Amino acid sequence: MNIIKNDSGWLELIVGPMFSGKTEELIRRVRRAAIAGQSVMVFKPAIDKRYDEIKIVSHSEIHFPSQPIQNASDILTYTQNIQVIGIDEGQFLGNPLIDVVNALLEQHKRVIIAGLDLDYRGIPFEPIPFLMAMAEYVDKFLAICVRCGNPASRTQRLVAGGARVIVGAAELYEARCRNCWTNPDEIVPPDIEQKRIDLL
Ligand code: ADP
Ligand code: ZN
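Worth saying up front: this structure is predicted, and the values here are computed from it rather than measured. (Residues numbered from 1 in each chain as written. Chains lettered and ligands numbered in written order. Predicted model: local features only at pLDDT ≥ 70, side-chain atom pairs only at ≥ 80, totals over all residues. Heavy atoms only, no water.)

### Considerations on the overall build of the chain
Phase 1: For the chain, the helix and strand inventory stands at 5 helices and 12 strands.
Phase 2: Out of the 200 residues in the chain, the part that is buried amounts to 48%.
Phase 3: For the chain, the share of sequence-separated contacts (at least 6 apart) that also reach a separation of at least 24 residues comes to 72%.
Phase 4: Summing over all exposed atoms, the chain offers an accessible surface of approximately 9,700 Å²; the carbon and sulfur share of this is 51%. (Helix = DSSP H or I, 4+ residues; strand = E, 2+ residues; numbered from the N terminus. Buried < 20%, exposed > 50% of the residue type's maximum accessible area, 1.4 Å probe, protein only. Contact = heavy atoms within 4.5 Å. Areas by Shrake-Rupley, 256 points an atom, 1.4 Å probe, with all protein chains shown as cover.)

### Quick look at the nonpolar core
Phase 1: Judged by nonpolar contacts, the single largest core of 23 residues is most densely connected at L11, I75, L97, I113 and L131.
Phase 2: Elements that contribute at least two residues to this core include exactly β1 (10–15), β2 (40–45), β6 (84–87), α3 (96–106), β7 (110–115) and α4 (128–134).
Phase 3: If you tally residues by element for this core, the top one is α3, at 6 residues.
Phase 4: Among residues more than four places away in sequence, those in contact with I75 are F43, I69, I85, I87, L97, V100 and L104. (Core = buried A, V, L, I, M, F, W, Y, C linked by side-chain atoms within 4.5 Å.)

### Regarding the environment of F19
Phase 1: Note that F19 resides in the loop between β1 and α1 (22–35).
Phase 2: Here the alpha-carbon distance between F19 and C145, two residues 126 residues apart in the chain, equals 9.9 Å.
Phase 3: Ignoring any residue separated from it by four or fewer positions in sequence, one finds F19 in contact with H59, A143, A170, Y173, E174 and A175.

### Quick word on the site of ligand 1
Phase 1: Around ligand 1, the surrounding shell holds 15 residues, and the nearest of these are K22, T23, E24, H59 and I144.
Phase 2: One nitrogen or oxygen atom from the main chain of P17 is found 3.5 Å from an oxygen atom belonging to ligand 1.
Phase 3: Surface burial for ligand 1 is 75%, taken as the share of its 580 Å² of free accessible area covered by protein chains.
Phase 4: Counting only elements with at least two residues in the shell around ligand 1, the list comes to α1 and β9 (143–144). (Near = heavy atom within 4 Å. Polar contact = N/O pair within 3.5 Å; in protein donor to acceptor, adjacent residues only side chain to side chain.)

### A look at the coordination of the zinc ion (ligand 2)
Phase 1: Distances from the zinc ion (ligand 2) to its protein donors, namely C145 (SG), C148 (SG), C177 (SG) and C180 (SG), fall within the range 2.3 to 2.4 Å.
Phase 2: Here the zinc ion (ligand 2) binds 4 donor atoms, and the angle range of 101 to 118 degrees at the metal identifies the geometry as tetrahedral.
Phase 3: Read in sequence order, the donor residues for the zinc ion (ligand 2) give the motif C-x2-C-x28-C-x2-C. Of this pair, C145 sits in the loop between β9 and β10 (151–152) while C177 sits in the loop between β12 (173–176) and α5 (190–199), and the two are 32 residues apart along the sequence. In this structure, C145 and C177 share a single accessibility class: buried. (Donors = N, O, S within 2.8 Å, 3.2 Å for Na, K, Ca; no water. Tetrahedral: all angles 85-135°; square planar, octahedral: opposite > 155°, others 65-115°.)

### Describing the side chain of K109
Phase 1: Relative to the assigned elements, K109 resides in the loop between α3 and β7.
Phase 2: No salt bridge forms around the buried K109; measuring N to O, its nearest opposite-charge neighbour E106 is 12 Å away.
Phase 3: A polar contact is formed between the side chain of K109 and the backbone oxygen of I82, at a distance of 2.9 Å. (Lys, Arg positive; Asp, Glu negative; His and termini not counted. Salt bridge = Lys/Arg side-chain N within 4 Å of Asp/Glu carboxyl O.)

### Digging into α1
Phase 1: Given a rise of 1.5 Å per residue, 14 residues ought to cover 20 Å, and the 20 Å separating the end C-alpha atoms of α1 matches this to within 8%.
Phase 2: Every buried residue of α1 is listed here: K22, T23, E25, L26, I27, R29, V30 and A33.
Phase 3: Phi for G37, located one or two positions after α1, is positive at around 85 degrees. (Expected span 1.5 Å × (residues − 1).)

### Here's the deal with the pattern of salt bridges
Phase 1: Scanning the entire structure with this criterion turns up 8 salt bridges.
Phase 2: Put simply, R29 and E25 hold a salt bridge, and the shortest N to O gap is 2.7 Å. Here R29 and its partner E25 are both found in helix α1, 4 residues apart, which amounts to about one turn of the helix. Both residues of the pair, R29 and E25, belong to the buried class.
Phase 3: The closest approach of N and O atoms between R29 and D139, which form a salt bridge, is 2.9 Å. One end of the pair, R29, is in helix α1; the other, D139, is in strand β8 (residues 137–140), and 110 residues separate them in sequence.
Phase 4: Linked by salt bridges that have partners in common, E12, E25, R28, R29, R110 and D139 make up one network.

Listed below in C-alpha coordinates is the structure:
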(Lines give C-alpha, C1' and ligand atoms only; values in the text may rest on other atoms or scores of the structure.)
(Ligands and ions follow the chains in the order given, each with its own letter.)
Protein backbone atom coordinates (compact mmCIF):
# COMPACT_ATOMS: atom_id res chain seq x y z
CA MET A 1 0.00 0.00 0.00
CA ASN A 2 1.39 3.41 -0.97
CA ILE A 3 0.83 5.47 2.15
CA ILE A 4 2.81 8.45 0.88
CA LYS A 5 1.20 8.79 -2.52
CA ASN A 6 3.41 9.15 -5.59
CA ASP A 7 6.47 8.88 -3.44
CA SER A 8 8.82 6.17 -2.25
CA GLY A 9 9.84 5.38 1.27
CA TRP A 10 13.27 6.22 2.54
CA LEU A 11 15.51 5.52 5.51
CA GLU A 12 17.27 8.14 7.65
CA LEU A 13 19.92 7.23 10.24
CA ILE A 14 20.90 9.52 13.10
CA VAL A 15 24.03 8.14 14.78
CA GLY A 16 26.76 9.18 17.21
CA PRO A 17 27.79 8.69 20.84
CA MET A 18 25.64 9.31 23.90
CA PHE A 19 24.84 13.00 24.52
CA SER A 20 25.38 13.90 20.84
CA GLY A 21 21.76 14.99 20.33
CA LYS A 22 20.36 11.98 18.47
CA THR A 23 17.09 11.92 20.42
CA GLU A 24 16.71 15.71 20.10
CA GLU A 25 17.16 15.43 16.34
CA LEU A 26 14.72 12.51 16.06
CA ILE A 27 12.13 14.54 17.99
CA ARG A 28 12.75 17.59 15.76
CA ARG A 29 12.12 15.53 12.62
CA VAL A 30 8.99 13.75 13.84
CA ARG A 31 7.50 17.01 15.20
CA ARG A 32 7.94 18.63 11.79
CA ALA A 33 6.27 15.66 10.08
CA ALA A 34 3.36 15.87 12.55
CA ILE A 35 3.01 19.63 11.90
CA ALA A 36 2.84 18.83 8.19
CA GLY A 37 -0.18 16.65 8.94
CA GLN A 38 1.53 13.31 8.41
CA SER A 39 0.76 10.35 10.65
CA VAL A 40 3.73 9.74 12.94
CA MET A 41 4.61 7.07 15.46
CA VAL A 42 7.78 6.69 17.52
CA PHE A 43 9.03 3.44 19.05
CA LYS A 44 11.66 2.63 21.62
CA PRO A 45 12.92 -0.70 22.94
CA ALA A 46 11.21 -1.55 26.23
CA ILE A 47 14.70 -2.19 27.61
CA ASP A 48 15.26 1.57 27.69
CA LYS A 49 13.29 2.71 30.71
CA ARG A 50 15.58 5.58 31.61
CA TYR A 51 13.16 8.44 32.06
CA ASP A 52 9.69 7.40 31.03
CA GLU A 53 7.84 4.37 29.75
CA ILE A 54 5.70 6.05 27.11
CA LYS A 55 7.79 8.83 25.69
CA ILE A 56 11.29 9.37 24.43
CA VAL A 57 13.20 11.95 26.42
CA SER A 58 16.48 13.60 25.46
CA HIS A 59 19.25 14.39 27.93
CA SER A 60 18.09 17.99 27.60
CA GLU A 61 14.59 16.78 28.63
CA ILE A 62 12.67 17.47 25.45
CA HIS A 63 10.22 14.65 24.83
CA PHE A 64 7.75 13.05 22.40
CA PRO A 65 5.21 10.24 22.94
CA SER A 66 6.52 6.77 22.09
CA GLN A 67 5.37 3.17 22.06
CA PRO A 68 7.68 0.80 23.99
CA ILE A 69 8.25 -2.50 22.15
CA GLN A 70 9.85 -5.81 23.09
CA ASN A 71 10.80 -6.89 19.57
CA ALA A 72 11.51 -5.10 16.30
CA SER A 73 8.66 -7.01 14.61
CA ASP A 74 6.16 -5.34 16.98
CA ILE A 75 6.58 -2.17 14.89
CA LEU A 76 4.78 -3.80 11.96
CA THR A 77 1.66 -4.42 14.02
CA TYR A 78 1.24 -0.70 14.82
CA THR A 79 2.17 1.01 11.57
CA GLN A 80 -0.27 -0.07 8.89
CA ASN A 81 -1.71 3.45 8.62
CA ILE A 82 1.37 5.37 9.71
CA GLN A 83 3.45 7.37 7.23
CA VAL A 84 6.47 8.36 9.33
CA ILE A 85 8.10 5.94 11.77
CA GLY A 86 10.71 7.02 14.31
CA ILE A 87 12.80 4.52 16.26
CA ASP A 88 15.02 5.59 19.16
CA GLU A 89 17.91 3.49 20.55
CA GLY A 90 17.76 1.26 17.46
CA GLN A 91 20.89 -0.63 18.52
CA PHE A 92 18.89 -2.39 21.25
CA LEU A 93 16.49 -4.00 18.77
CA GLY A 94 19.20 -6.20 17.21
CA ASN A 95 19.51 -7.61 13.70
CA PRO A 96 15.77 -8.41 13.33
CA LEU A 97 15.34 -4.64 12.88
CA ILE A 98 16.90 -4.93 9.40
CA ASP A 99 14.06 -7.05 7.94
CA VAL A 100 11.45 -4.91 9.68
CA VAL A 101 12.92 -1.73 8.15
CA ASN A 102 12.97 -3.34 4.71
CA ALA A 103 9.30 -4.27 5.10
CA LEU A 104 8.43 -0.68 6.10
CA LEU A 105 10.38 0.72 3.13
CA GLU A 106 8.58 -1.65 0.76
CA GLN A 107 5.38 -0.05 2.04
CA HIS A 108 6.83 3.35 1.02
CA LYS A 109 7.13 4.69 4.54
CA ARG A 110 9.65 7.20 5.88
CA VAL A 111 11.74 5.53 8.59
CA ILE A 112 13.99 7.54 10.93
CA ILE A 113 16.30 5.58 13.24
CA ALA A 114 18.47 7.05 16.00
CA GLY A 115 21.12 4.85 17.59
CA LEU A 116 24.65 4.37 18.83
CA ASP A 117 27.08 3.59 16.01
CA LEU A 118 29.73 2.31 18.45
CA ASP A 119 29.46 0.36 21.68
CA TYR A 120 31.41 1.22 24.84
CA ARG A 121 34.44 -0.69 23.49
CA GLY A 122 34.48 1.36 20.29
CA ILE A 123 33.16 -1.58 18.24
CA PRO A 124 30.41 -0.97 15.63
CA PHE A 125 27.07 -1.71 17.28
CA GLU A 126 24.91 -3.98 15.13
CA PRO A 127 22.53 -3.46 13.41
CA ILE A 128 23.31 0.26 13.13
CA PRO A 129 26.31 -0.05 10.73
CA PHE A 130 24.22 -2.27 8.41
CA LEU A 131 21.30 0.18 8.53
CA MET A 132 23.70 3.08 7.79
CA ALA A 133 24.71 1.27 4.60
CA MET A 134 21.04 0.76 3.63
CA ALA A 135 19.99 4.36 4.39
CA GLU A 136 19.32 7.20 1.96
CA TYR A 137 20.45 9.72 4.58
CA VAL A 138 23.00 9.31 7.37
CA ASP A 139 23.80 12.03 9.90
CA LYS A 140 26.58 11.45 12.39
CA PHE A 141 26.38 13.71 15.40
CA LEU A 142 29.14 14.52 17.88
CA ALA A 143 28.96 15.50 21.53
CA ILE A 144 31.46 17.69 23.40
CA CYS A 145 34.35 15.85 25.07
CA VAL A 146 33.94 16.42 28.80
CA ARG A 147 37.74 16.16 29.21
CA CYS A 148 39.07 18.57 26.61
CA GLY A 149 36.15 20.23 24.78
CA ASN A 150 36.94 18.70 21.38
CA PRO A 151 34.19 17.09 19.32
CA ALA A 152 33.38 13.74 20.95
CA SER A 153 32.66 10.67 18.83
CA ARG A 154 32.97 8.11 21.62
CA THR A 155 31.00 7.04 24.67
CA GLN A 156 33.18 6.44 27.71
CA ARG A 157 31.86 3.84 30.13
CA LEU A 158 33.04 4.77 33.58
CA VAL A 159 33.05 1.24 34.95
CA ALA A 160 35.14 -1.75 33.85
CA GLY A 161 33.71 -4.98 32.45
CA GLY A 162 30.03 -5.76 32.47
CA ALA A 163 27.58 -6.47 29.69
CA ARG A 164 27.55 -4.81 26.28
CA VAL A 165 24.27 -3.25 27.28
CA ILE A 166 23.97 -1.45 30.59
CA VAL A 167 21.01 0.77 29.88
CA GLY A 168 20.27 4.22 31.07
CA ALA A 169 22.38 5.43 33.92
CA ALA A 170 23.77 8.53 32.25
CA GLU A 171 26.07 8.73 35.28
CA LEU A 172 27.82 5.57 34.03
CA TYR A 173 28.79 7.19 30.74
CA GLU A 174 30.33 10.37 29.39
CA ALA A 175 31.13 11.79 25.97
CA ARG A 176 34.80 11.81 24.99
CA CYS A 177 36.93 12.47 21.92
CA ARG A 178 39.13 9.79 20.40
CA ASN A 179 42.19 11.02 22.36
CA CYS A 180 40.54 11.11 25.77
CA TRP A 181 38.59 7.86 25.33
CA THR A 182 39.88 4.54 26.71
CA ASN A 183 38.47 1.04 26.45
CA PRO A 184 37.55 0.26 30.07
CA ASP A 185 37.99 -3.49 29.42
CA GLU A 186 41.63 -3.06 28.34
CA ILE A 187 43.06 -0.44 30.62
CA VAL A 188 41.52 0.92 33.75
CA PRO A 189 42.91 4.42 34.22
CA PRO A 190 42.97 5.77 37.77
CA ASP A 191 39.89 7.95 37.30
CA ILE A 192 37.84 5.02 36.01
CA GLU A 193 38.97 2.80 38.88
CA GLN A 194 37.94 5.51 41.31
CA LYS A 195 34.48 5.85 39.76
CA ARG A 196 34.02 2.10 39.77
CA ILE A 197 34.52 2.14 43.51
CA ASP A 198 32.13 5.09 43.84
CA LEU A 199 29.35 3.70 41.69
CA LEU A 200 29.15 -0.03 42.32
P1 ADP B 1 21.63 11.30 22.56
O2 ADP B 1 20.25 10.85 22.12
O3 ADP B 1 22.62 11.36 21.42
O4 ADP B 1 22.15 10.58 23.77
P5 ADP B 1 20.21 13.62 23.55
O6 ADP B 1 19.44 14.17 22.39
O7 ADP B 1 19.47 12.74 24.52
O8 ADP B 1 21.50 12.85 22.99
O9 ADP B 1 20.86 14.79 24.43
C10 ADP B 1 21.61 15.82 23.86
C11 ADP B 1 21.77 16.90 24.94
O12 ADP B 1 22.60 16.39 25.98
C13 ADP B 1 22.49 18.17 24.52
O14 ADP B 1 21.64 19.08 23.86
C15 ADP B 1 22.94 18.72 25.86
O16 ADP B 1 21.90 19.46 26.47
C17 ADP B 1 23.15 17.47 26.70
N18 ADP B 1 24.55 17.12 26.98
C19 ADP B 1 24.99 16.59 28.14
N20 ADP B 1 26.32 16.31 28.09
C21 ADP B 1 26.75 16.68 26.86
C22 ADP B 1 28.03 16.67 26.18
N23 ADP B 1 29.14 16.20 26.78
N24 ADP B 1 28.07 17.12 24.92
C25 ADP B 1 26.96 17.60 24.32
N26 ADP B 1 25.74 17.65 24.89
C27 ADP B 1 25.62 17.20 26.15
ZN1 ZN C 1 38.95 14.98 24.59
